[in-house]
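# What the coordinates show
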Amino acid sequence: MSESLQTERKNATFNIKELTDTLNGGPEETRKRKQIESLVFNTPAFHRQDRFQLSREEIYDYSIKVYGELIKLCKKENIEIRYDNPDYVRLVGCIPEEIPVGLHVGMFSSSISDQGTEEQQKKWIPLARNFKIFGTYAQTELAHGTFVRGLETTATYDESKQEFILNSPTITSTKWWPGFLGRTSNHAVIAAQLYTKSKCYGIHMFIVQLRDLKDHKPLPGVTIGDIGDKFGFDTVDNGFLRLDNVHIPRENMLMKYAKVTPEGKYLPPTNAKVAYSAMTLIRVVLVRGSAKALASASTIAIRYSAVRHQTETAPGKEPQVLDYVTQQYKLFPQLATALAFGFAGNYMIDTFNKIHSEISSGQLDALSELHGISSGLKAYTTDTATAGIEVCRRACGGHGYSNACGIQHIYANVLPCVTLEGENTVMYLQAASKVISTIKRLEQLRRSGMDQDEAWNTAGIELVQAAKAHCHYFIVKNYLRSLEKLNMTPSLRKVMNSIALLYGNYGIDENAGDFLESGFMTGEQLNLVKAKILQLLSEVRRNAVAVVDAFDFDDKYLRSILGAYDGDVYNRLYNWAKSSPLNKTEVHSSYTEYLQQLLKSKL
Ligand SMILES: CCCCCCCC(=O)SCCNC(=O)CCNC(=O)[C@H](O)C(C)(C)COP(=O)(O)OP(=O)(O)OC[C@H]1O[C@@H](n2cnc3c(N)ncnc32)[C@H](O)[C@@H]1OP(=O)(O)O
Ligand SMILES: Cc1cc2nc3c(=O)[nH]c(=O)nc-3n(C[C@H](O)[C@H](O)[C@H](O)COP(=O)(O)OP(=O)(O)OC[C@H]3O[C@@H](n4cnc5c(N)ncnc54)[C@H](O)[C@@H]3O)c2cc1C
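Each value, and the rule that gives it
Residues numbered from 1 in each chain as written. Chains lettered and ligands numbered in written order. Predicted model: local features only at pLDDT ≥ 70, side-chain atom pairs only at ≥ 80, totals over all residues. Heavy atoms only, no water. Core = buried A, V, L, I, M, F, W, Y, C linked by side-chain atoms within 4.5 Å. Buried < 20%, exposed > 50% of the residue type's maximum accessible area, 1.4 Å probe, protein only. Helix = DSSP H or I, 4+ residues; strand = E, 2+ residues; numbered from the N terminus. Contact = heavy atoms within 4.5 Å. Domains from an automatic or database assignment. Buried area = accessible area lost by both parts, 1.4 Å probe. Salt bridge = Lys/Arg side-chain N within 4 Å of Asp/Glu carboxyl O. Polar contact = N/O pair within 3.5 Å; in protein donor to acceptor, adjacent residues only side chain to side chain. Phe/Tyr/Trp six-rings, centres within 6.5 Å; stacked < 30°, edge-to-face > 60°. Lys NZ or Arg CZ within 6 Å of the ring centre and 35° of its normal. Pairing = 2+ DSSP bridges. UniProt positions renumbered as here; feature names shortened; annotations may be inferred. Axes fitted to C-alpha atoms, helices over the stretch in contact; angles between N-to-C directions. Parallel < 35°, antiparallel > 145°, perpendicular 65-115°, else oblique. Left-handed = near helix turned anticlockwise from the far one by under 90°. Nonpolar A, V, L, I, M, F, W, Y, C, P; charged D, E, K, R; others polar.

### Comments concerning the nonpolar core
Membership of the largest hydrophobic core comes to 149 residues, with the highest contact counts inside it found for Leu-91, Val-101, Ile-302, Phe-332, Ile-475 and Tyr-479. The element best represented in this core is helix α8 (residues 277–307), accounting for 18 residues. Those residues in contact with Ile-302 that lie beyond four places of it in its chain are Leu-322, Leu-331, Phe-332, Leu-335, Ala-544, Val-545 and Val-548.

Okay, structure coming up:
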């Protein structure tokens, strides 16, 4: 155990376990979480030491093995695999890899339970829940992802056979990106333009079988595969799919809201956007996911900064890099943001569950509001978390560039979230419509003679800025309100208040221009904010390591040599390097193949 970390933990002014319980929702929740997590951490199949030295194919193979192990574990422990089952969420939440269960449960099954009729749920949910079928959610196409109404896949109703015929009419209509589509899934919920009696009724959802249940071969009319290597998400076979007049029974259209009768008559839903519900759920989940990712990166960077000593500030005295104010200014706001986003994630999940039960009982009026706030917060938290994770990585210096740091994998897994489930700019624009000052700008543009679309586009930059400000304001307010409601000992409350004040003041400092431009604050007041930040950084310094310890991430989850709990960085780093496949032999074969000839040649 690193002496520096031992000292940090001894110096803490609050009880770490109390903060862990507070963040988990109480000691019983902590106990349950740790009990569930131990199932994963004590199953060797979930952990491969050489995971980051595998080829893409080996990694995919490994992810499917983990998928199978997870399903077996859930069956053995009688944990129902549902996105609203807390034990399932705890279990899958401690597996740091993206595995197929996310899309199968989070989008395929949830689309059917949200938008399927009773009969459809009775038929498909048991098959999905018992993994008799593997599903994904196939909406995005080669040429359209954001503009859902512009998707080109068609589902044309054939009254004589009471079937829908699904077709990819153009190369651009090829489904492209859906997770675990390329190799894993044998079914998909597919978004397609619905045609009946030669009229188009827009995007609806259809369950389509893609592969034979006996030999997993693509069915007739189905062309399917992986879209190739990506920036990250290397466990995921994001796929492409082309449908050449694939016939499905009428009953495979999800018909809880919109319907097509056997005679081909279209019965519209009360709100067309209910078809988008699967996206809203994942946006809500991504808010809490961003918090967890930033908390993980902060844990690694702050522990490492407490272990790392660098540069003599007095003869023979090399301070911990965590003592540098610049290092504190990099890392402590990330820690504060992770906590703020965690409370925002809790709010989003509670709000989603409340509105979701209203929607399930047919009351759809809160749908648009839920869409607005979930879109805005998804955009704001994923944008901010990815930027903050990179700040944490850079704060680790040279070793931050080694895969031994572990922040790379966190970053690569969070990065696509600024795009998937709704490209962030577009998502901001879903919350901006609610911000008064922007509306005035739009009215001004309209008065100048612009039409709505032109005015909206021209005001786009301000709309996005307004949405960001709105989300930031909401997160600060929710953070403070959440702390007020929590029972905490005075010592813990003091620490949490300092961190919350740091988050608020840092946000003002980061956006000082807006506060000046709006006349909301003067230059002097902004100087007071900077002074307050410096004071708060020194307050947080003493407890920073203890606060990240309270996130209670197991080393097996963090997978970080720099951020391990015992802080034994240098021995671990040396052993990690020695285990690299490149060091398997004293002399690499390339010597005899190439270098030796070079040495001998007369060049
Ligand atoms: C574990 C899982 C890992 C995650 C894997 C990733 C999965 C994916 O990426 S799945 C694909 C994700 N794709 C997207 O998110 C696409 C993003 N685009 C969209 O959602 C839509 O095109 C969007 C919202 C931009 C515009 O939708 P569009 O149909 O054109 O609606 P639009 O005409 O702009 O708005 C009409 C009304 O619909 C409302 N609306 C739009 N979307 C929604 C929604 N999801 N819910 C409720 N209301 C909505 C708007 O708020 C608006 O309401 P109002 O009139 O009251 O202001
Ligand atoms: C890792 C990963 C996993 C994914 N998994 C799935 C999945 O399982 N299922 C699925 O269906 N899809 C999936 N997707 C696709 C994802 O949902 C889309 O990529 C996403 O919705 C963005 O759409 P796009 O790619 O068309 O981006 P585009 O919309 O083409 O974005 C390109 C640029 O255009 C800008 N832009 C676009 N429209 C507007 C506008 N109206 N106003 C202002 N600017 C605009 C954007 O801001 C962006 O800067 C996944 C994507 C990734 C990266």
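Alright, that's what it looks like, and here's the rest.
### So, the domain arrangement of the protein
Domain assignment breaks the protein into domain 1 (3–26 + 278–551), domain 2 (29–108) and domain 3 (134–274). Measuring from the centre of the C-alpha atoms in domain 1 to the corresponding centre in domain 2 gives 27 Å. Taken residue by residue, the interface counts 16 residues in domain 1 and eleven residues in domain 2. Both faces combined, the contact of domain 1 with domain 2 buries some 1100 Å², and carbon together with sulfur accounts for 52% of it. Counting the surface domain 1 buries against domain 2, the share from its top three residues, Asn-24, Leu-281 and Asn-413, is 34%. Where domain 1 meets domain 2, there are zero salt bridges. Viewed at the interface, domain 2 and domain 1 are joined by seven residue pairs in polar contact (both at pLDDT 80 or more). When contributions to the side of domain 1 that touches domain 2 are tallied by element, the ones reaching two or more residues are α2 (16–24), α8, α9 (325–360) and α11 (407–414). Here the side of domain 1 that touches domain 2 gets five residues from one element, more than from any other, and that element is α8.

### Section: the packing of aromatic side chains
Considering all chains together, one arrives at 15 aromatic pairs under this definition. With a centroid separation of 5.8 Å and 25° between ring planes, the pair formed by Trp-176 and Phe-240 is classed as stacked. You can see Trp-176 sitting in strand β4 (residues 175–176) and its partner Phe-240 sitting in strand β8 (residues 239–243), a full 64 residues away along the chain. When its relative accessible area of 25% is taken as the criterion, Trp-176 is described as partly exposed. A relative accessible area of 22% means that Phe-240 is categorised as partly exposed. Joined through ring pairs, the aromatic side chains of Tyr-67, Phe-131 and Phe-134 make up one cluster. One Lys or Arg, Arg-9, reaches over the ring of Tyr-565 and ends 3.6 Å from the middle of that ring. For Arg-48, the ring lying beneath its charged end belongs to Tyr-62, and the centroid distance is 5.9 Å.

### Here we look at the pairing of strand β2 (residues 154–158)
By the criterion of burial, β2 is predominantly enclosed, with four of the five residues buried. Inspection of the sheet shows β2 paired to strand β3 (residues 163–167) by five bridges, in the antiparallel sense. Across the sheet, Tyr-157 pairs through a bridge with Phe-164, a residue of β3. In this antiparallel pair of consecutive strands, β2 and β3, the connection spans four residues, and Gln-162 shows a positive phi of 55°. With three bridges joining them, β2 and strand β5 (residues 187–196) adopt parallel strand pairing. Bridge pairing in β5 places Thr-156 opposite Tyr-195.

### Thoughts on the sheet that holds β8
Taken together, three strands build an open sheet; the order of strands is β4-β8-β7 and the sheet is antiparallel. The open sheet is flanked by β4 and β7 (222–226), the only strands paired with a single partner. Bridge count between β4 and β8: two bridges; the pairing is antiparallel. For Lys-175, the partnering residue across the bridge sits in β8 and is Leu-241.

### Here's the deal with the UniProt feature "binding site: FAD" (unreviewed entry) in the protein
Following the UniProt record, one finds the feature "binding site: FAD" (unreviewed entry) at Thr-140 and Gly-179. Despite a sequence span of 40 residues, these residues sit close together in the fold, their greatest C-alpha distance being 10.5 Å. Looking at where Thr-140 falls in the secondary structure, it is placed in the loop between β1 (135–138) and β2. Under the relative-accessibility criterion, Thr-140 is labelled partly exposed at 24%. Beyond its immediate stretch of four places on either side in the chain, Thr-140 contacts Gly-145, Thr-174, Lys-175, Trp-176, Trp-177 and Pro-178. Secondary-structure assignment places Gly-179 in the loop between β4 and β5. A relative accessible area of 6% means that Gly-179 is categorised as buried. In this view, Gly-179 contacts Leu-103, Thr-136, Val-236, Asp-237 and Asn-238; residues no more than four positions away in its chain are not counted.

### Structural notes on the UniProt feature "active site" (unreviewed entry) in the protein
According to UniProt, the "active site" (unreviewed entry) feature falls on Glu-421. As for its position among the elements, Glu-421 is in the loop between α11 and α12 (424–432). Classification of Glu-421 as buried rests on a relative accessible area of 13%. Residues within four places of Glu-421 in sequence aside, it is in contact with Met-107, Met-279, Ile-282, Arg-283, Leu-286, Lys-378 and Met-427.

### Some points on the packing of helix α3 (residues 27–41) against helix α5 (residues 86–93)
The geometry of α3 relative to α5 is characterised by a closest axis approach of 9 Å and an angle of 50° between their N-to-C directions. The angle between α3 and α5 falls in the class oblique. Relative to α5, α3 is oriented so that their crossing is right-handed. Mapping the contact onto sequence places Glu-29, Lys-32, Arg-33, Ile-36, Glu-37, Leu-39 and Val-40 in α3 and Asp-87, Arg-90 and Leu-91 in α5. Taken together, the residues of the contact of α3 with α5 sort by class into four nonpolar, no polar and six charged.

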